[in-house]
Amino acid sequence: NSMKNKDNQSAQESNPRCPDSSAFKQQKLPAWKPKLTASTVLSSFFVIGLFCLLVGICLILSARSVNEIQIDYSDVCLNCSKLRESSSNWDKECNCFAHFTLQENMPGDIFMYYRLQNFYQNHRRYVLSRSDAQLLGQDVNIQNSYCAPFATYPNGTPMAPCGAIANSMFNDTVQLFYYVNSSTAIQVPLLKNGNSWWSDKNVKFRNPTSYNLSSAFAGTARPPYWQKPAYLLDEKDERNNGYINDDLIVWMRVSAFATFRNLYRRLSRTNQFADGLPAGNYTFHITYNFPVTKFQGKKQLVLSTITWSGGSNLFLGIAYTVSGAVIVLAGFVIAAIHLKRRKKKTYFQRHPK
Amino acid sequence: MTLSVDSALYCCRCLAAKGATWTQLESTPLLSSVRKRLRYNLDKWRIVIPNNKRLQENCEKVSRLYFGNGIQTTKYTFLSFIPKNVFEQFHRFANLYFVAIVALNFVPVVNAFQPAVSVIPVCVIMAITAIKDAWEDFRRYQLDKEINNMVCLIYSRKEQDYVEKCWKDVRVGDFVQLQCNEIIPADILLLFSSDQNGICHLETANLDGETNLKQRQVVKGFSNQNTPFDPEIFQNTIVCEKPNNDLNKFKGYVEQPDQKRIGFGSESLLLRGCTIRNTEIAVGIVIYAGHETKAMLNNNGPRYKRSKMERRMNIHIFFCVGLLFIMCLIGAVGHVIWNGNFSEHPPYEIPEVNGNYLSSALAGFCMFLTMIILLQILIPISLYVSIELVKLAQVFLIHNDIDLYDEDVDLPIQCRALNITEDLGQIQYIFSDKTGTLTENKMVFRRCTVDGNEFSHQENAKRLETYKELDSDEEDWARHQRFALPVIKIEKPDTLKQKTDKPLRRCQSARARFQGHSRKKSLGHCDSLRSQVAFSSTIEKDVTPDKRLLMKVREASLQIESLTSFPSGKDTCCTTSINDFFLALAICNTVVVSTATEPRQRVTAPPLMKPSGISLERIHQLLQRLKLANLGQSFSLTQSSSDLEASFNAKNNKENPTARDSCNKDGDYKDDSTAGAMSWKGSTEIGGASLDEEFGFVSQGHLQPEFCYEAESPDEAALVHAARAYGFTLMSRTPEQVTVRLPQGTLLTFDILCTLGFDSVRKRMSVVVRHPFTKEIIVYTKGADSVIMDLLEDPAKADLNTGKKMRRIHAKTQKHLDGYARYGLRTLCIAKKVLSEDDFRKWASFRHEAEAAIDNRDELLMDTAQHLETRLTLLGATGIEDRLQDGVPDTIAALREAGIQIWVLTGDKQETAVNIAFSCKLLDQKDTVFTINTENKETCESLLDLTLEEVRKNSNAERTKWKIWGISLSSSLAASVAHSTDIGLVVDGKTLNVIFQGDLEDKFLELTKYCRSVLCCRATPLQKSMVVKLVRRKLEVMTLSIGDGANDVSMIQAADVGIGISGQEGMQAVMASDFAVSRFKHLKKLLLVHGHWCYSRLAKMVIYFFYKNVSYVSLLFWYQFFCGFTGTSMIDPWQLIFFNLFFTSIPPILFGILDKDVSAETLLSLPELYKSGQNSETYKLSTFSIAVLDAFYQGLICFFVPYLTYKDSDIDVITFGTPINTISLFIILLHQSLEMNTWTCIHWIAMIGSVLLYFIFSTIYHSVCVVCNHPTNPYWIMEDQLSDPNFYLVCFITPVIALLPRYLILAVRGTFRASQILKAQQLDKLPKEQRDLEIQRWRSIERTTPSTSVASPVSSDEVDQNNSNSPVSQFLGQAAVTPHGNNNAWELSTPEMNHRRDWMLDEEGNSSTSRWTGEETIAANSLARPCPGQDSLESTRITSPGMFISHLTSDNAEELNPGSHRRSVSAVTL
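What you are looking at is a predicted structure, and each value in this text was computed from that prediction instead of being measured. (Residues numbered from 1 in each chain as written. Chains lettered and ligands numbered in written order. Predicted model: local features only at pLDDT ≥ 70, side-chain atom pairs only at ≥ 80, totals over all residues. Heavy atoms only, no water.)

Turning our eyes to something else, we now look at the overall build of chain B. Scanning chain B from N- to C-terminus turns up 55 helices and 34 strands. Going through the 1470 residues of chain B one by one, you find that 61% of them count as buried. Intrachain contacts of chain B at a sequence separation of at least 6 include 76% that bridge at least 24 residues. Summing over all exposed atoms, chain B offers an accessible surface of approximately 57,800 Å²; the carbon and sulfur share of this is 58%. (Helix = DSSP H or I, 4+ residues; strand = E, 2+ residues; numbered from the N terminus. Buried < 20%, exposed > 50% of the residue type's maximum accessible area, 1.4 Å probe, protein only. Contact = heavy atoms within 4.5 Å. Areas by Shrake-Rupley, 256 points an atom, 1.4 Å probe, with all protein chains shown as cover.)

Okay, here's the thing in structure tokens:
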């Protein structure tokens, strides 16, 4: 063998144009050559199928364990929505109430969402209309940003925050009351904080630096649809005011679909709500500001628990279960084919032509 | 790149404008004339003024107007690269499209992404292309530099001598001194040659590929060559034509100071790139330099071919454009409808800056544009560049295939076209040249027959058989020696250096080989130069003489001596014809002799030899006697032969009984053993002591200088070498004289009176010589047997005995010729004729007249030649083998099995072509061969019709048979068999002409579709290309042409794929080709393996690219339904762009380069697998549509599973896009994994690397970018997703659902082995022995099926033949009544036919009658051609326009006479 190599080498020396015989150049690299046949895929079908079935069942079970209640209040607050149809009534306050009853206790962490229908937050030009730099507290010339036409007022005062997204922020305020008995209602304690991503709250959104918030926003004006400037979004909590207001942050994360829910509040598990919401009668006290009739929209409020796999959406579980079943079925078909082929083969082997 | 042909013109005009200042400077009258010409004639002429001291000023002014000799073939300069390259890239439609889209993206109303982002892909793609272009250009630059810096000797007026200068510094008007073996730096007018006759020899192989030397003549009037040329004396102005690219056209004149003009033509022009040979020193003046040289003007650079797949791909791209249009339209319309839902503007709809909203229609239109931008990647931008990269890599791998490397010539395969690799996998028709392509073009003398005696040269045959082994042994030995002996090692570098002198890849003549370019004649020259002499490899040169014949030759030489004592004898007849035969071999040619010691120095005068034993007078004396004896013999022929024999025996018995035996005319030729047993030594003793004294027998190779014979055709060289083997050595040749050394060592110098060169009409050549001693005028003629046999002296005219004897000789020779032909040898007949002085004088005057004639000179010359070549005496015949190249039959069989139709287009004669076709298994013994030779349109048409009918009948019979036999067989199988019956078709050039001119193409093609192989003989280069074009155009098939010579160039260029064989005939075919191999057999691996791989790889890759883009784009498209058709992308633009450019680009490219669906071994052993590429199974509309549909399905799944999962949740746009993007990546890569057949470590790295790259990029990007990418700013999204179990759940289930159908179908197909490729793949998995076994079984199954079908036509033919009721005979009846029919010819041939049939019956009982009749028709064929020397019929025949002879043949004689013959063309049913 070594002789041969030597020969080869000397041949290459004498023939400079001789291509070398490396495995790559001769296309003889060692290779794994999988071939898809019934016998090779059979096991994969059963393994994957059974795995999917298992996961699917788990998912369905977990999704079913989620307690969720949805209350549509666009119909309940019909008069309010009528009022809001005319933009001239922007400064008139309108409140309405939505009652509901929990048949059972809702244990665990309770999340309160507002749900909007037919609100195309994912409209291309709407998505564009923001200035992340401004929300980061940077001093930017928002006239050059994508915020137009919600960048500045005609007199040149910049809007803070600018852009259509911020301008159209969901501004209904909702309070939840629990009827301990038929007459006394107590307000359910809800957390305003921690509803947004940590990264948003701490990195993406910053207030402009100044000795206090109102001075930081000096020289700017609120967006036209807003009733109060940004630095008054949450007067009670310094860490939830201005650009780092959770409601603003949540809203600014534009939703992927026209129907979406945004996290509004979380249940503060204190006192009688330590284990979640007890069964009973509840009332949403809504300050109705956000008009939806313009786009045939609907507004709902959702109370929901969550599990490890997310919310109450059963789809994933079903998808897993169904596809698992299909795969197992296909596995059986393949197994049948395989057995038939093998039988035929042995027949041939026994009776060679 | 376009170079202005003559920029000097422009310069000149500029100068003319400045004429005023210029004229003042003029002082000499010569200059004024220059000026005048400049003013008046510059458009027509070029003026060259020599660059010497006297004319220095003028010269400088003029030569400034012309190009220098430096060449620049680069496209770009350092500065111009970027703008020029960008500009050029915009010529590509795809690039323009993408740039337009990018531009569109800058319009705010419609932009879908940030403008900056969308610029990236175009920039990346164009940058990659630019890098590739720059690299190529740099290589060109380096080559240019190398050429420009080569040195040559230029006359310097300062030093009054020649000094070394670079090529680039050569100017028009410079004097250049060239030495032997030097390459000519520019187009030079020859003014001086060291040759006495003012001749300079030139090798133009670099230019036109012809290796034979060309002569160039010094300009007349400068041929006073006694004194060396002094440039200072030269005071003439040269006026010649403007630069043009016609290599053979050049004219001009030299104007002397006294206004005398001397004309010159192309015979005085030395062209750039040629090599000076055989001339010590040549001096000339540069006429054209640099880009204006003819060689450069002929260099058109590489051609751009578009492959079939690319053409199809472009259609599919338009399909994608259509799809894109539809998608965008849906988007636009959807947007309008969606907008219409709102009675007033919702808060999320943003007004323009001025507060207004766009009207609905306008919004729709803008949305359309936005959608185009958004969905642009549906048109795979990276596809073009990926394909280019893949093809480059494929070419690299093909180039590096060690199996396609030829050790003998140290050449790997050369891929000259970079963009048609996949066409190799789709070839349906191969058009092959014969000589040099199928055969070696090495003519080897195999056998000869003299005077009716056959000499089989078995030793020679043995030598040829063992040749290959010997060859390799020698090499081994040489190698060992090199290591062992340091002495040789020292010498080696010199030769090595020459050998390894890098071939310039492209220069004036594209691929000049600068071998042997060195100033000094080095020791190594001999070695390297010998290989340059055409047709002179050892295999051709060494002929082992047949012992029996050698003995006879020796005896003949003795005979001369013995004549002194025995003045008469029957033997003389035998011996003189042997002598004559070999003399004819040595003389009757145009071979030029050169010696190896003086490399390619032509021997024009006989070398001074030591006077051999006998004085010239003695020889003279002897020959006189010999002549007498000869005459005496012819007189004494009245005696009966037995008497003669007896007397001969009596005389010679004492001396050598064996010799006598073998000289016996009727001797048993099978008795080789006795003759063979005689050793060389023994035979030298034959002569006895007394004779040895006078005739020192010169043994082969002993004391002889090494001669190199430069022949026009290899046959000639072979014959001269053969003659040499028997001691008849051609020593020198001048136009007037030819010198031959006889076996005895005597030198005979013949005066050449006339040479009648070979032409294809006469098919023969002759020399008229005067014998130095007898002073006889002898005509030696050498030519095709079919011609010569008819020109022989009619035996009937001689007296009875002579006639009888002649007839017998003719018959025997004919028989032998037949045998030769059967073995595929090229046959030549040698004949002679003795002319009387008067006759010759008469003829000579005719000839002279003809030469002087102005009108129809050629015809007259032909006429005179034909007058001379009549009534010849047959001397003998030779059989020369044009050896088939290694592995040709094997390759042809494999290619045919692969479903490729092979046509042979050759300029050779029909017989040879058919023989070769049989020997290379192109035609099979069992084949039915139809031959169509006609010059008449009607005949041709009816012939075609009849044949077609016949063939159809056969195939119909077959089809019915199929229905009976193969009930279970698929229809496709039956269809493929339908036209693969064994039918061969032979047509000749004339018939082709008729077919082309008479609109019979369709019928012809229809017929050829039924034929397994088609042979076109006697085809001109133009016809070759026309045939290729015809097939290509009408049948719309993929064609491949392969050839080696200049005559194949047009055919090579006409085909889809042109393959050149870098063989003996120079580089022209190679230069015109797309791929150049050195052997025909390489075609097998090139097509079956590389072709298949390249095709399937690229096809799969292209399909995959389409799939990838469609599936990815459909994600964006589906999203439009959920965002009000506003053109939002849920995927971050960067990720979107990078997805195609980086994350999913490497694996498909690797896939396109390295995937192997079936291993090379299996592909080679199962050529049927090639059919998948032929039928474009991998890439056709159906596979494309399936891929697109699958892409849509997968896109659907990939979008809607996440959609349904995240529906009604708080997910934001980009967060929703992230899992989709990830899933899409998984699906796309897994899809490829399913398609991929080979997983090497590179694949693994690429696959895993792509996924890792995606995740690493995403996480980094998502953790760094806070505000950098408006509006998405996907900060922390990936990280968030990675911590969400839902993400993993979705990422798992979606690919599973998306790929399940494909996985399932692939598995089921694999189980059922739905295609042959799949079957072969599973064979690949078996261990080696088992695989071989399986392959054999497979092949046997494949074989048995067609063979049953073959049986039917054969039997039906037999019936036809036996009944003699076939359409063929009907046709012949028709032929007789056609108005132009030359019944004469038929009638004329009949008596002779009968004669020959008689002979045949006499001599060879086992031969088939039908075959003989076939030979007759060939003879008749030749009779039908105009040939003077026949009787009065001839004139009518010449005038009759529709000359035809046709023999339509349906031969199955093989069945009747097993093993009897190969020439099944011949049988004719009369």
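This is not the end of the story, as more comes after the structure.
The subject of this paragraph is the UniProt feature "domain: P-type ATPase N-terminal" (unreviewed entry) in chain B. As annotated in UniProt, the feature "domain: P-type ATPase N-terminal" (unreviewed entry) corresponds to residues 59-118 of chain B in the numbering used here. Secondary structure across residues 59-118 of chain B comprises 52% helix and 0% strand; the distance between its end C-alpha atoms is 59 Å. (UniProt positions renumbered as here; feature names shortened; annotations may be inferred.)

This paragraph deals with unusual backbone geometry. For the bond from Ala 148 of chain A to Pro 149 of chain A, the omega torsion is 5 degrees, close enough to zero to count as cis. Along the chain, Pro 149 of chain A falls in the loop between helix H5 (132-135) and helix H6 (164-167). Going from Ala 160 of chain A to Pro 161 of chain A, the amide bond is cis rather than trans, its omega being -10 degrees. Looking at where Pro 161 of chain A falls in the secondary structure, it is placed in the loop between H5 and H6. Despite not being glycine, Ser 1176 of chain B shows a phi value in the positive range, around 50 degrees. Ser 1176 of chain B gets classed as buried once you look at its relative accessible area, which sits at 3%. With phi around 70 degrees, Trp 1276 of chain B is a residue other than glycine that occupies positive phi space. Examined against the element boundaries, Trp 1276 of chain B turns out to sit in the loop between helix H46 (1241-1264) and helix H47 (1277-1282).

A word on the sheet that holds strand S16 (residues 439-450) of chain B. Residue and element names in this part refer to chain B. An order of S17-S16-S27-S26-S25-S24-S23-S22-S21 is seen for the nine strands of this open sheet, with the pairing classed as antiparallel. Pairing within the sheet leaves two strands with one partner each, and these edge strands are strand S17 (453-455) and strand S21 (729-733). Looking at each pair of strands side by side, their axes are set apart by 30 degrees on average, direction ignored. Contacts from helix H25 (residues 714-725) reach S16, S21, strand S24 (764-770), strand S25 (777-783), strand S26 (825-835) and strand S27 (873-884), with the element oriented near 45 degrees to S16. In the packing of helix H27 (residues 800-822) onto the sheet, contacts are made with S16, S17, S26 and S27, and the angle to S27 comes to roughly 5 degrees. (Pairing = 2+ DSSP bridges. Axes fitted to C-alpha atoms, helices over the stretch in contact; angles between N-to-C directions.)

So, about the state of the cysteines. Residues and elements named next belong to chain A. Tallying each qualifying case throughout the model produces three disulfides over all chains. The disulfide partner of Cys 77 is Cys 96, and the S-S distance across this bridge is 1.7 Å. As the torsion about the S-S bond is roughly 65 degrees, the Cys 77-Cys 96 disulfide counts as right-handed. Separated by 19 residues along the polypeptide, Cys 77 in the loop between strand S1 (68-72) and helix H3 (78-85) and Cys 96 in strand S2 (residues 95-102) bring together distant segments of the chain. Each member of the pair, Cys 77 together with Cys 96, is buried. With its sulfur 1.7 Å from that of its partner, Cys 80 forms a disulfide with Cys 94. (Disulfide = S-S within 2.5 Å.)

Residues and elements named next belong to chain B. Burial of helix H30 (residues 888-897) is extensive: seven of the 10 residues sit out of reach of the surface. Inspection of H30 places Val 888, Thr 891, Ile 892, Ala 894, Leu 895, Arg 896 and Glu 897 among the buried residues, and these make up the whole buried set. Immediately beyond the C-terminal end of H30, within one or two residues, lies Gly 899, with a positive phi of roughly 85 degrees.

All right, on to the packing of H30 of chain B against helix H39 (residues 1082-1120) of chain B then. Residues and elements named next belong to chain B. Two elements in contact, H30 and H39, have axes whose closest approach is 9 Å; the angle formed by their N-to-C orientations is 20 degrees. Put simply, H30 runs roughly parallel to H39. H30 and H39 meet at a crossing whose hand is left-handed. Counting all contacts with H30, which are made through Asp 890, Thr 891, Ala 894 and Leu 895, the residues of H39 involved are Leu 1083, Lys 1084, Leu 1087 and Leu 1088. Per-class residue counts for the contact of H30 with H39 are five nonpolar, one polar and two charged. (Parallel < 35°, antiparallel > 145°, perpendicular 65-115°, else oblique. Left-handed = near helix turned anticlockwise from the far one by under 90°. Nonpolar A, V, L, I, M, F, W, Y, C, P; charged D, E, K, R; others polar.)

What follows concerns the side chain of Ser 1013 of chain B. Residues and elements named next belong to chain B. If you trace the backbone, Ser 1013 turns up in strand S31 (residues 1013-1017). For Ser 1013, a relative accessible area of 0% translates into the label buried. In terms of polar contacts, Ser 1013 uses its side chain to reach the side chain of Arg 896, at 3.5 Å. At a separation of 3.0 Å, a polar atom in the side chain of Ser 1013 contacts the main-chain carbonyl oxygen of Leu 922. (Polar contact = N/O pair within 3.5 Å; in protein donor to acceptor, adjacent residues only side chain to side chain.)

A word on the interface of chain B and chain A. The partner chain A presents 90 residues to the 106 residues of chain B that form the contact. Roughly 8,600 Å² is buried in total at the junction of chain B and chain A, and carbon and sulfur atoms are behind 64% of that figure. The largest contributions to the chain B side of the interface with chain A come from Tyr 348, Ile 350 and Asp 1208 of chain B, which together make up 9% of the buried area. The salt bridge involving Arg 261 of chain A is made with Asp 1208 of chain B; its shortest N-O contact spans 3.7 Å. Between the two partners, chain B and chain A, sit 31 residue pairs in polar contact (both at pLDDT 80 or more). Each residue belonging to the side of chain B that touches chain A can be placed in one class, and the counts come to 58 nonpolar, 29 polar and 19 charged. (Buried area = accessible area lost by both parts, 1.4 Å probe. Salt bridge = Lys/Arg side-chain N within 4 Å of Asp/Glu carboxyl O.)

Bringing the pairing of strand S30 (residues 983-988) of chain B into the picture now. All names here are of chain B. Here S30 lies mainly inside the structure; six of its six residues are buried. Along S30, one buried face is formed by Ile 983, Leu 985 and Val 987 and the opposite face, lined by Gly 984, Val 986 and Asp 988, is buried too. Bridge analysis of strand S29 (residues 928-932) against S30 gives five bridges, and the strand direction is parallel. Counted as the bridge partner of Ile 932 is Val 987 from S30. Looking at chain direction, S30 and S31 are connected through five bridges and run parallel. Residue pairing in the sheet places Val 987 in a bridge with Cys 1016 of S31.

What follows deals with the pattern of salt bridges. Summed over the entire model, instances satisfying the criterion amount to 47 salt bridges over all chains. With its nearest N and O atoms 2.6 Å apart, the salt bridge here joins Lys 299 of chain A to Asp 172 of chain A. One end of the pair, Lys 299 of chain A, is in strand S11 (residues 298-304); the other, Asp 172 of chain A, is in the loop between H6 and strand S5 (173-179), and 127 residues separate them in sequence. On the accessibility criterion, Lys 299 of chain A (0% relative accessible area) is buried. On the accessibility criterion, Asp 172 of chain A (2% relative accessible area) is buried. Here Glu 388 of chain B ties to Lys 132 of chain B by a salt bridge, and the two come within 2.6 Å at their closest N and O atoms. Here the residue Glu 388 of chain B occupies a position in helix H12 (residues 381-399), and Lys 132 of chain B occupies one in helix H7 (residues 115-148), the gap between them amounting to 256 residues. Beyond isolated ion pairs, a larger network of salt bridges with shared partners links Glu 68, Arg 115 and Arg 261 of chain A together with Asp 1208 of chain B.

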